[in-house]
Amino acid sequence: MITTPTVPDSAVPDRASPVAAADFQHRTVLLDEAVDALALTGARANGVFVDGTFGRGGHSRLILAKLGANARLVAFDKDLQAIATAEQIDDPRFTIVHDSFATMGAALAERGVAQVDGILLDLGISSPQVDDAARGFSFRNDGPLDMRMDTTRGMSAAEWLAIENEQTLEKVIKEYGEERFAFQIAKAIVARRAIEPISTTRQLAGIVAGAVKTREKGKDPATRTFQAIRIFINKELEDLEIGLNQAYASLAPGGIMAIISFHSLEDRMVKRFFAARANVEQPDRRLPIRAVDLPQPEIKLLAKLKPSDAEVDANPRARSAVMRVARRLPFPEDAA
């Protein structure tokens, strides 16, 4: 596994002032489908639920609208602007946690929650993060090369690019961006930083454009490199691996997990995680084992959904989204 950079506390910048939530618009992908997947009806409407990626609160607000008076919703987010938006929700049933959903187990325990009835994860980045040039996520508008979801912690993309060796740069761009020109891009980055610091998104996009020999139709040559660096800087796949296990451990029997992914690396992890618990390997049929003693599946796969054509037409950023839904099964002794 590639190691994500760390910096001493003295190198972490001061807490940034959140930008007003209204400054950038966000369209929640699969809004109704994701909330419907949690089955917030009957007794479940008064359960405990988790929104692991608050974003700008589209899913959380709709969940709260469907929950009963005795229900509870705990949301997580690393982004200060998301936290500022969440803090505007005046609802005693709602709690926001400024941290990754990978900390779910400990965070829920601290708040007296042992098990939850449903968990929603909407992975990736939000439109306000992409559209705000100051955040450095997008190559379309020039801005400081930051890319951190949580600007109070860790190393910015510019700081990392300034110190990382060429071999690791290539590995990150190849593995996290699935970029076939990773070698050429890493070499070009090292060559340019020897001349001047790489501190803006436009600089990096230009370096990548000069190193990529052919371009995918309709896609900027910097797309895969920006994705790779963002995923690495924010430990997105590491958080997802930990978070899936934390979520499953927190889920009560009968509880539902709904996870929205936006690129193949995320979706592959989610698919394998669910499959490993739904398709349990069985022993040789010739062995004298009672049916009741056979290994039992731990979850039931409920759905795989993609946005409708109408949603994609209205919000092109939704086109790559995939939602997988699964329900945790009771343990054999519970069923008995």
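Everything below is about the structure printed above this text.
Residues numbered from 1 in each chain as written. Predicted model: local features only at pLDDT ≥ 70, side-chain atom pairs only at ≥ 80, totals over all residues. Heavy atoms only, no water.

Caption draft 1: Structural view of the side chain of Arg-230. Here Arg-230 is to be found in helix H10 (residues 223-233). When near neighbours in sequence (up to four residues on either side) are disregarded, Arg-230 contacts Gly-124, Ile-125, Phe-137, Met-147, Met-149, Glu-236 and His-263. (Helix = DSSP H or I, 4+ residues; strand = E, 2+ residues; numbered from the N terminus. Contact = heavy atoms within 4.5 Å.)

Caption draft 2: How the structure looks around the packing of helix H7 (residues 166-177) against H10. Contact pair H7 / H10: the axes reach a minimum separation of 8 Å and the direction vectors enclose 100°. One finds that H7 runs roughly perpendicular with respect to H10. On H10, the residues that touch Val-172, Ile-173, Tyr-176 and Gly-177 of H7 are Arg-224, Thr-225, Gln-227, Ala-228, Ile-231 and Phe-232. Grouping the constituent residues of the contact of H7 with H10 by class yields six nonpolar, three polar and one charged. (Axes fitted to C-alpha atoms, helices over the stretch in contact; angles between N-to-C directions. Parallel < 35°, antiparallel > 145°, perpendicular 65-115°, else oblique. Nonpolar A, V, L, I, M, F, W, Y, C, P; charged D, E, K, R; others polar.)

Caption draft 3: Just the pairing of strand S2 (residues 72-77), in detail. Burial within S2 is extensive, with five of its six residues counted as buried. In terms of strand pairing, strand S1 (residues 48-51) meets S2 through four bridges, oriented parallel. Paired with Val-48 across the two strands is Arg-72, which belongs to S2. Tracing the backbone out of S1, into helix H2 (residues 58-66) and back to the parallel element S2 gives a crossover that is right-handed. Strand direction decides the pairing type here: S2 and strand S3 (residues 94-98), joined by five bridges, are parallel. Residue pairing across strands places Leu-73 opposite Phe-94, the latter belonging to S3. As for the winding sense of the linkage, the β-α-β connection from S2 through helix H3 (residues 80-86) to S3 is right-handed. (Buried < 20%, exposed > 50% of the residue type's maximum accessible area, 1.4 Å probe, protein only. Pairing = 2+ DSSP bridges. Right-handed = clockwise from strand over helix to strand, strands pointing away.)

Caption draft 4: How the structure looks around helix H11 (residues 236-250). Along its 15 residues, H11 runs 20 Å from first to last C-alpha, staying within 8% of the 21 Å computed at 1.5 Å per residue. By the burial criterion, the buried members of H11 are Glu-236, Leu-237, Glu-238, Asp-239, Leu-240, Gly-243, Leu-244, Ala-247, Tyr-248 and Ser-250. (Expected span 1.5 Å × (residues − 1).)

Caption draft 5: Broad picture of the pairing of strand S7 (residues 322-328). Burial analysis of S7 places six of its seven residues in the buried class, the great majority of the element. Bridge count for strand S5 (residues 251-261) against S7 is six bridges, and the pairing is antiparallel. Across the sheet, residue Ile-260 finds its bridge partner in S7, namely Met-323. Strand direction decides the pairing type here: strand S6 (residues 299-305) and S7, joined by six bridges, are antiparallel. Of the residues in S7, the one forming a bridge with Leu-301 is Ala-326.

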